[in-house]
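# Report on the structure
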Amino acid sequence: MKKFVKLAAIGAAAAVAATLGAIAPASAHGEKSQQAFLRMRTLNWYDVQWSKTTVNVNEEMVLSGKIHVFSAWPQAVANPRVSFLNAGEPGPVLVRTAQFIGDQFAPRSVSLVPGNDYAFSINLRGRRAGRWHVHAQVNVEGGGPIIGPGQWIEIKGDMKDFTDPVTLLDGSTVDLETYGISRVYAWHLPWLAVGAAWILFWFVRKGIIASYLRVATGKVDEQVTDDDKRIGAIVLALTILATIVGYAVTNSTFPRTIPLQAGLQKPLTPLVTDGTAGVGKERVTADLNGGVYKVPGRELTINVKVTNTTSEPLRLGEYTAAGLRFLNPDVFTTKPDFPDYLLADRGLSTDATPIAPGETKEIAVKVQDARWDIERLSDLAYDTDSQIGGLLMFFSPTGRRFAAEIGGPVIPKFVAGDMP
């Protein structure tokens, strides 16, 4: 019976291992798994660019853009007081060599203020050959990662040629890709061997199921013998001794060390240009006066009260939310360079009459495209508050751009028909 149980357990383990080994790598976009409200009403990404979509191993590229921190930050998500700029990628296929928020080097966590805009850039270097989906990303303490737009990046070459040289404070140069790797093996392999021997001892000699049955029936004394206790004491003593010796050797080998820099970096200088809130009185404001999201038609229709305090007439050219861009083809006569799965180049329509300088006008805006459903933003119909968020981009005849934050509740509608 014991042999049968052991063989059954080994067979089950082998089946699980074979199943896991047969699973193919995922190719879907991870941002789809995040709730619609999280993507629309936290960070609004715009002007995101990838300097290259094809790089060689060791070649550098830059991921840059801007983020607008939604002023009505949802209560369900932790405040971005502690946030970390990152690049979302499937493992270290590219390595970060530097990153900036505005002109400030930002290697650690930062404080983002709701209502502000920030420019960012991340310097990346190709490491692992392949075709990878690379996102802009901000990790919020207590709120998790908030993923921005992503682009496919092809890395050519061989990973064995990758190097990551860094100059230390004493003037010496080390390759971070291989530095200290022998010490990692020297520490981990012996402990893995000890752990494997310990598990094998209990699995083969004692039997997992047989041990459970002895404990369940109250035969604990039969399960753990005096020899077992002696072996356990010897292993514990050796573990403590190895830790003390290892600490002493490491401390003598590397007498000068600096702790990891984990402090909070603040304050940050927010971005204030014509591309965001405007300079001085040159700005546009937009207030949501109700709207409907038609689930069958994948169509958002909203009424917006717009006030133009700039010196030029403006036309609405874009609605951007959750990294998606819905464009007005009357304003965008050419298709911009942006990932196609996030670009609805004919997804926005509205009154073609410009909003004059100093004018306050209510306009009806229709945002319709299958990407509402494909990117799962239509899930807002099932949110507890059914609210949208995003940026409306207005353009002047001279090419200036002004953005206005918009947010508020909309009514989900599950049947076809006109807006009430």
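Residues numbered from 1 in each chain as written. Predicted model: local features only at pLDDT ≥ 70, side-chain atom pairs only at ≥ 80, totals over all residues. Heavy atoms only, no water.

### Here's the deal with the overall build of the protein
- Counting its regular elements, the protein contains seven helices and 21 strands.
- Per-residue burial for the protein yields a buried fraction of 39% across its 420 residues.
- Within the structure as shown, the protein displays about 22800 Å² of accessible surface, and the carbon and sulfur contribution to it stands at 60%. (Helix = DSSP H or I, 4+ residues; strand = E, 2+ residues; numbered from the N terminus. Buried < 20%, exposed > 50% of the residue type's maximum accessible area, 1.4 Å probe, protein only. Areas by Shrake-Rupley, 256 points an atom, 1.4 Å probe, with all protein chains shown as cover.)

### So, the confidence of the model for the protein
- Overall, the prediction assigns the protein a mean pLDDT of 86, with 89% of residues at 70 or greater.
- When pLDDT is averaged over each helix and strand of the protein, the minimum, 47, is found for helix 1 (residues 2-22) and the maximum, 98, for strand 2 (residues 54-56).
- For the stretch residues 4-9, pLDDT sits under 50, and the model shows four contacts to residues farther than four places along the chain or on other chains.
- Scored below 50 in pLDDT, residues 274-279 shows 19 contacts in the model against residues more than four places distant or in partner chains. (pLDDT = per-residue confidence, 0-100. Contact = heavy atoms within 4.5 Å.)

### Regarding the layout of surface pockets
- Counted as a void, the largest pocket has a volume near 1300 Å³.
- Lining the largest pocket are 32 residues, with Val-166, Thr-167, Leu-168, Leu-169 and Leu-176 sitting closest to its centre.
- Of all elements in the fold, only strand 5 (94-101) and strand 10 (165-167) reach the threshold of two or more residues within the lining of the largest pocket.
- Counted by class, the lining of the largest pocket contains 18 nonpolar, six polar and eight charged residues. (1 Å grid on protein atoms, 1.4 Å probe; cavity = no way out; pocket = protein on both sides within 12 Å on 5 of 7 lines; lining within 4 Å. Points joined across faces, edges and corners; volume = space filled by probe spheres on them. Nonpolar A, V, L, I, M, F, W, Y, C, P; charged D, E, K, R; others polar.)

### Description of the sheet that holds strand 19 (residues 387-395)
- Reading across the sheet, the five strands line up as 16-15-14-19-20 and stay open at both edges, with mixed pairing between neighbours. This sheet does not close on itself; its edge strands, each paired only once, are strand 16 (343-344) and strand 20 (401-409).
- As paired strands, strand 15 (residues 324-327) and strand 16 are joined by two bridges and run parallel to one another. The partner of Arg-325 across the bridge, within strand 16, is Leu-343. (Pairing = 2+ DSSP bridges.)

### Observations regarding the sheet that holds strand 1 (residues 43-50)
- Ordered in space as 1-3-7-5-6, the five strands form an open sheet in which the pairing is antiparallel. One side of each edge strand has no neighbouring strand; the edge strands of this open sheet are strand 1 and strand 6 (104-105).
- In terms of strand pairing, strand 5 meets strand 6 through two bridges, oriented antiparallel. Of the residues in strand 6, the one forming a bridge with Ile-101 is Gln-104.

### Concerning the nonpolar core
- With 81 residues, the main nonpolar core has Met-40, Ile-302, Val-304, Tyr-319, Trp-372, Ile-388 and Phe-394 as its most contacted residues.
- For this core, the element with the most residues is strand 19, which contributes six residues. (Core = buried A, V, L, I, M, F, W, Y, C linked by side-chain atoms within 4.5 Å.)

### Structural notes on the packing of aromatic side chains
- Scanning all chains against the criterion turns up seven aromatic pairs.
- Ring centres of Tyr-293 and Trp-372 lie 5.3 Å apart, and the angle between their planes is 55°; this geometry places the pair in the tilted category. With Tyr-293 in strand 12 (residues 284-294) and Trp-372 in helix 7 (residues 371-374), this residue pair connects regions lying 79 residues apart in the sequence.
- Using a relative accessible area of 0% as the deciding quantity, one classes Tyr-293 as buried.
- The class for Trp-372 is buried, based on a relative accessible area of 0%.
- Here Phe-326 and Trp-372 contribute two aromatic rings whose centre-to-centre distance is 5.4 Å and whose plane-to-plane angle is 20°, an arrangement assigned as stacked. Here the residue Phe-326 occupies a position in strand 15, and Trp-372 occupies one in helix 7, the gap between them amounting to 46 residues.
- Note on Phe-326: relative accessible area 0%, which makes it buried.
- One aromatic cluster is present, formed by Tyr-293, Tyr-319, Phe-326 and Trp-372 through successive ring pairs.
- When the ring centre of Trp-152 is taken as origin, the NZ or CZ atom of Arg-131, which lies over that ring, is 4.3 Å away. (Phe/Tyr/Trp six-rings, centres within 6.5 Å; stacked < 30°, edge-to-face > 60°. Lys NZ or Arg CZ within 6 Å of the ring centre and 35° of its normal.)

### Considerations on the pairing of strand 8 (residues 130-140)
- Sheet topology note: the strand 4 (residues 83-88)/strand 8 ladder contains six bridges and is antiparallel. Bridged to Gly-88 within strand 8 is His-135.
- Taken together, the 10 bridges between strand 8 and strand 9 (residues 144-156) define a ladder with antiparallel strand orientation. Directly across from Asn-139, in strand 9, lies its bridge partner Pro-145.
- Where strand 8 folds back on strand 9, the antiparallel hairpin that results is connected by three residues, among which Gly-142 adopts a positive phi of roughly 85°.

### Concerning the packing of helix 3 (residues 181-206) against helix 4 (residues 208-216)
- Running from N to C, helix 3 and helix 4 point in directions that differ by 75°, and their axes come no closer than 6 Å. On the basis of the axis angle, helix 3 is roughly perpendicular to helix 4. For the pair formed by helix 3 and helix 4, the contact residues are Trp-202, Phe-203 and Lys-206 on the first element and Ile-208, Ala-210, Ser-211 and Arg-214 on the second.
- Grouping the amino acids of the contact of helix 3 with helix 4 by side-chain chemistry returns four nonpolar, one polar and two charged. (Axes fitted to C-alpha atoms, helices over the stretch in contact; angles between N-to-C directions. Parallel < 35°, antiparallel > 145°, perpendicular 65-115°, else oblique.)

### Let's talk about the packing of helix 3 against helix 6 (residues 226-253)
- Interaxial distance between helix 3 and helix 6 falls to 13 Å at its minimum, and their mutual angle equals 175°. The angle between helix 3 and helix 6 places the two elements in the roughly antiparallel class. Counting all contacts with helix 3, which are made through Arg-183, Trp-187, Trp-191, Trp-198, Phe-201, Trp-202, Arg-205 and Lys-206, the residues of helix 6 involved are Asp-228, Ile-231, Gly-232, Val-235, Thr-239, Ala-242, Gly-246 and Thr-253.
- Along the lines of polarity and charge, the residues of the contact of helix 3 with helix 6 split into eight nonpolar, four polar and four charged.

### Examining the pairing of strand 12
- In terms of strand pairing, strand 12 meets strand 13 (residues 299-308) through nine bridges, oriented antiparallel. Bridged to Leu-288 within strand 13 is Val-304.
- Between strand 12 and strand 13, which pair antiparallel and follow one another directly, the connecting turn spans four residues, one of which, Arg-298, has a positive phi of 50°.

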